[in-house]
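# Commentary on secondary and tertiary structure
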Amino acid sequence: MAIRLATQRRPPERAQEGAPVALRLLGVTIAVFALIPLISLVQHAATVDPDVALGQLFRPRMAMLLGHTFGLMVTCVAASIVLSLACAWLVVRTDLPLRGLWHVLLTAPLAVPAFVNGFGWVSLTHAVEGYAGASMVVTLSYFPLVYLPVTAALRGLDPVHEELAGTLGLSRTQTFLRVVLPQLRPAVLGGSLLVALHMLSEFGALKMLRFPTFTTAIYDQFNTSFNGAAAHMTASVLVLVCFVVLLVELRLRGRRRYAPTSSGTPRVAARLELGRARLVALLLPGAVTALALGVPIYSLLRWVSIGTSTGRGSEDLLPTALATIVFALVGALLAVALALPVSVLVVRHASRTSTLIERSTYTANALPGIVIALALITFTIRYVPGLYQTAPVLVAAYLIMFLSRAVVSVRSSLEQAPPVLENVARSLGLSRMAATWRVTVPIVLPGIGAGAALVFIAICTELTATLLLAPIETQTLATRFWSLSGGLQYGAAAPFALLMIGLAMPAVYLLSRTPGRKS
Amino acid sequence: MTVLRTSSLTRSFGSVRALDGVDLEIADGAVLAVLGPSGCGKTTLLRVIAGFLSGDAGEVSLGDRVVLSDGRARVSTKHRNIGYVPQEGALFPHLDVAANITFGLSRRERRAGDVADLLALLELDPSLASRYPHELSGGQQQRVAVARALARKPSLLLLDEPFSSLDASLRESTGRAVMRAVQARGAAALLVTHDQNEALSLADSVGVMQAGKVVQVGPPIEVYAHPATPFVASFVGAGTVLSATVADRVAHTPIGDFDVAEDVGSGPAQVFARPEQVRIVEDSKVVATVRGFDFHGHDATVHLGVDGHPEVLCRVGGDELPTIGDEVRILTHGRVTVYPA
């Protein structure tokens, strides 16, 4: 779930040979493909009668949705930052018992889709419905997106700056506020952006918790009243909100570079001995884990046992799981296949065009799944009606949504394999093909695998676009869970959710092991 | 009045004794260089004095305050009134030069001219105040780091190999500028380094450390001319260990005779001769073969083979180089320190 937006500028590279025409054409095609939702949305917005649009925009309901969405976003981002900073500090900088375990447990909520978390809570108590409950559940689902980069950044900090602050008369608290926090800023901002964007696209959890925001409004407008125009209008506003969030983050991040100013081998910071407070400190990660993991998993297990005791099994569990895995595999392989030419263009043939192609694959990050689904529906109905509600369109939606995850992984691994290595191999007597095969491929392979795994998991747990785009007879784990829980068949629904968590867990564990790159 | 006193300071890491009973003193306004090979414990010493580490046993006093006793820190770093300059400066990357310099000053303590004064003190251009660390050269970063440490008028400045990352050409000028600034502020300084040139040229006194112990402390000239052990002798400069027989305050060696500094009786011994104590002359009884030389431009160190001593070092002017393989005659002079054989 770690989407990274490429905002850093690459250092100027030496003149490179231009990319082969075929590769460039392929890149442009992929870029256009990735831009379909945005193009379709703009196209639609341009054809709307301004008077109608204004009438729809300035309704009390729109103001209510804006208020809800913004309120939830600000609360979730703020809560995620506070929670992540406290947990990361305890895990990285103190002698908290079982730090390694806590780190994995604090990452693990990423394996529980937010709508499953919402279900877990709401099926136990209706007290979580509404603003406060929604804020809590969404925060518990997405705070690891801040926690992970902050932990990595905190690990990478050279403690020399904190020691210096001590000699300059600062107390521990002052040192944290004036020395540590500013250096964590890029990590906090990056993570907060992800939380904000995920929150803006969140649909399932908010629907479960009966808290109307843009996404649930779009879904209702489209699905119950078949009001395509209204849905599109609301979607356009949502996209605007997303872009505002992106701009705000870019602005806050600024142009400042944090160049290393101390020697290359930072010491490991001494851990603060908590003493008697150790046991009290355990309460924080303990409570977070209990709320984010314990409650949903307990709730699911409880429903499974109730479900089996009442004899209503889930016969379609296996076929549904199989269908989901097939979709996820196809999507993952295609995503990697599309990510390769894009990455080769960016890494080996850097140019303005290459950068534009790469960036175009990131735009979907700012587009909620429901918006992408809506745009693809409009697009297929208009241009290829035969494909409407077929598997290829669903896979296309997956690709557009998750291509950036594959690109990030593949690109960074390709950067580990500079062309000079291939040149060396060729100087040692290998052919061009053999050099690529024996040098570049082995270096890049882990990155490709990681990218594929990330896309696989994302597809396994995708709900919104699948609900809107899946062929009538096709069910995935997420949609089947959704329809069963919507029909109050909680016992039958729970095994589907547990299976999704099981599928996502291994990759999330791997995510917690990766030492984060320094921002 | 002493600024710093450590007595019997001990600290181990596992089975390694990083500090093994260290006794040191720095007088008001003085500069002490602690010199030693890497791993000798000099950085541990500095970190214990700064309060980043506690000790196992011993005492540290800053001025009239005992800041560490029985190995336990009694005063936190914050209240020790010290300045600290680590390797490569470690400026705060998120702050500009002015904010770095005034970092440790509370709002009340800041004065308008502070930054400009300190920049001038370190011989830096005032326009640097608004620059960020990554826009400065290595030497400038280091000077700003010193300015930041001096801003709070510490009584003692701790310098942890602060010039080792600089080019040789910058190292000297930066070092001198820093020492002038320290002196102007009336601070004392503890300079930890493994570079004997730096230690000998910048400090008022030099302490040589080996395996957690201070082997010798004294003025640079003293340590260079009368090293306490052969280790100190070879660490503070080049030279030759010679076997000798001492009688009547004269050490007789295979390459000639030396005066002996103090009366040590007579018998077999070892002495250490600096290259400049051996001269190539026209007329002498001792014959040596030129094996090779290290040319430094202004002068050169010649490696000579003498009967019984395959490698004797001798300094000659850069324009007086002998040819390799030549036979030359050598004469010794000056005083040496005598070590047990």
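Residues numbered from 1 in each chain as written. Chains lettered and ligands numbered in written order. Predicted model: local features only at pLDDT ≥ 70, side-chain atom pairs only at ≥ 80, totals over all residues. Heavy atoms only, no water.

### Some remarks on unusual backbone geometry
All names here are of chain B. The phi torsion at D70 lies on the positive side, around 50°, for a residue other than glycine. Secondary-structure assignment places D70 in the loop between β5 (65-69) and β6 (72-73). Overall, the relative accessible area of 60% leaves D70 in the exposed class. A positive phi angle, near 50°, is found at K153, a position not held by glycine. (Helix = DSSP H or I, 4+ residues; strand = E, 2+ residues; numbered from the N terminus. Buried < 20%, exposed > 50% of the residue type's maximum accessible area, 1.4 Å probe, protein only.)

### Notes on the confidence of the model for chain B
Residue and element names in this part refer to chain B. Model confidence for chain B is summarised by a mean pLDDT of 90, while 100% of its residues fall at 70 or above. When mean pLDDT is taken per element in chain B, strand β3 (residues 31-35) scores highest with 96 and strand β22 (residues 338-340) scores lowest with 87. Scoring the predicted complex yields pTM 0.78 and, for the interface, ipTM 0.70. (pLDDT = per-residue confidence, 0-100.)

### Some thoughts on the packing of helix α1 (residues 21-47) of chain A against helix α15 (residues 317-348) of chain A
Residue and element names in this part refer to chain A. As a packed pair, α1 and α15 sit with axes 9 Å apart at the nearest point and diverge in direction by 120°. Classed by the angle they form, the pair α1 and α15 counts as oblique. The two elements α1 and α15 cross, and the hand of that crossing is left-handed. Residue-level contacts link L23, R24, L26, G27, I30 and F33 of α1 to L338, P341, V342, V344 and L345 of α15. In the contact of α1 with α15, the residues fall into nine nonpolar, one polar and one charged. (Axes fitted to C-alpha atoms, helices over the stretch in contact; angles between N-to-C directions. Parallel < 35°, antiparallel > 145°, perpendicular 65-115°, else oblique. Left-handed = near helix turned anticlockwise from the far one by under 90°. Contact = heavy atoms within 4.5 Å. Nonpolar A, V, L, I, M, F, W, Y, C, P; charged D, E, K, R; others polar.)

### What to know about the pattern of salt bridges
Enumeration over the complete set of coordinates arrives at 19 salt bridges over all chains. Ionic pairing is found between B:R47 and A:E163, a salt bridge with its closest N-O pair at 2.7 Å. Linking B:R47 in helix α1 (residues 42-50) with A:E163 in helix α8 (residues 160-167), this pair reaches from one chain into another. Take B:R47 and A:E163: they sit in the same class, and that class is buried. Between B:D195 and B:R171 there is a salt bridge whose closest N-O contact spans 3.3 Å. Here B:R171 lies in helix α5 (residues 168-184) and B:D195 lies in the loop between β9 (188-193) and α6 (196-202), a separation of 24 residues in the sequence. According to the relative accessible area criterion, B:R171 is partly exposed, its value standing at 26%. (Salt bridge = Lys/Arg side-chain N within 4 Å of Asp/Glu carboxyl O.)

### A look at empty space enclosed by the protein
Residues and elements named next belong to chain A. For the structure shown, the criterion picks out two cavities of 30 Å³ or more. In this model, the largest cavity occupies a volume close to 520 Å³. Around the largest cavity, the lining comprises 30 residues; the ones closest to its centre are Y142, H198, S201, F402 and R405. Ranked by residue count, the leading element in the lining of the largest cavity is helix α9 (residues 172-201), at four residues. Across the lining of the largest cavity, the residue classes tally to 19 nonpolar, eight polar and three charged. A domain split of the lining of the largest cavity shows at least three residues from each of domain 1 (17-37 + 317-474) and domain 2 (48-253 + 281-311). (1 Å grid on protein atoms, 1.4 Å probe; cavity = no way out; pocket = protein on both sides within 12 Å on 5 of 7 lines; lining within 4 Å. Points joined across faces, edges and corners; volume = space filled by probe spheres on them. Domains from an automatic or database assignment.)

### Here's the deal with the domain arrangement of chain B
A common measure of how large an interface is: the accessible area buried when the components associate. Residues and elements named next belong to chain B. When the domains of chain B are assigned, the result is domain 1 (2-232) and domain 2 (238-340). Of the residues lining the interface, seven residues belong to domain 1; the matching set on domain 2 comes to six residues. Taken together, the two surfaces of domain 1 and domain 2 that pack against each other cover about 670 Å², and 51% of this comes from carbon and sulfur. Its largest share of buried area at the contact with domain 2, domain 1 owes to Y224, H226 and P230, together 72% of the area lost on that side. (Buried area = accessible area lost by both parts, 1.4 Å probe.)

### What to know about the pairing of β3(B)
For a regular strand, side-chain orientation follows a simple rule: the groups alternate between the two sheet faces. Residues and elements named next belong to chain B. For β3, the tally of buried residues reaches five of five residues, placing the bulk of the element in the interior. Alternating residues of β3 divide into V31, A33 and L35 and L32 and V34, and every residue in both groups is buried. Where β3 lies against β9, five bridges are found, and the strand directions are parallel. In the strand pairing of β9, L32 is matched with L190. In terms of strand pairing, β3 meets strand β10 (residues 205-210) through four bridges, oriented parallel. Counterpart to L32 in the pairing with β10 is S205. (Pairing = 2+ DSSP bridges.)

### What to know about the side chain of A:H232
Take A:H232: it is sitting in helix α12 (residues 228-253). A distance of 3.1 Å separates polar atoms of two side chains, one belonging to A:H232 and the other to A:T378. (Polar contact = N/O pair within 3.5 Å; in protein donor to acceptor, adjacent residues only side chain to side chain.)

### Quick look at the interface of chain B and chain A
Taken together, the 25 residues of chain B in the interface contact 24 residues of chain A. The contact between chain B and chain A buries some 2300 Å² in all, and 63% of this surface belongs to carbon and sulfur atoms. Counting the contacts that link chain B with chain A gives one salt bridge. There are eight residue pairs in polar contact (both at pLDDT 80 or more) connecting chain B and chain A. Secondary structure elements with two or more residues in the side of chain B that touches chain A: β7 (82-85) and α4 (138-150) of chain B.

### Digging into a nonpolar patch on the surface
Taken together, the side chains of B:F293, B:F295, B:L321 and B:I324 present a nonpolar region at the surface, about 360 Å² in accessible area. Within the fold, B:F295 resides in strand β17 (residues 286-295). (Patch = residues over 30% accessible without salt bridge, like charges linked within 9 Å, V, L, I, M, F, W, Y side chains within 5 Å. Areas by Shrake-Rupley, 256 points an atom, 1.4 Å probe, with all protein chains shown as cover.)

### Quick word on the domain arrangement of chain A
Residues and elements named next belong to chain A. With domains assigned, chain A is organised as domain 1 (17-37 + 317-474) and domain 2 (48-253 + 281-311). Distance from the C-alpha centre of domain 1 to the C-alpha centre of domain 2: 26 Å. Counting residues at the interface gives 16 residues for domain 1 and 21 residues for domain 2. Carbon and sulfur atoms supply 84% of the area that domain 1 and domain 2 bury against each other, a total of about 1500 Å² over both sides. When the buried surface of domain 1 facing domain 2 is broken down by residue, A366, I370 and L374 rank first, second and third, together holding 34% of it. Summed over the shared surface of domain 1 and domain 2, the number is zero salt bridges. Between the two partners, domain 1 and domain 2, sit one residue pair in polar contact (both at pLDDT 80 or more). Contributing elements (two or more residues each) for the side of domain 1 that touches domain 2: α17 (369-383) and α21 (464-469). Looking at which element gives the most residues to the side of domain 1 that touches domain 2, the answer is α17, with six residues. Its residues assigned to classes, the side of domain 1 that touches domain 2 comprises ten nonpolar, five polar and one charged.

### Some remarks on the sheet that holds β6(B)
All names here are of chain B. Strand order in the open sheet made by the five strands is β2-β1-β4-β5-β6, with antiparallel pairing throughout. The strands lining the two open edges of the sheet, one partner per strand, are β2 (16-27) and β6. Sheet topology places β5 next to β6; two bridges connect them, and they run antiparallel. Paired with S69 across the strands is R72, a residue of β6.

### Some points on the confidence of the model for chain A
Across chain A, the average pLDDT comes to 85, with 91% of residues at or above 70. The model gives residues 1-16 of chain A a pLDDT under 50, and that stretch makes 37 contacts with residues more than four places away or in other chains.

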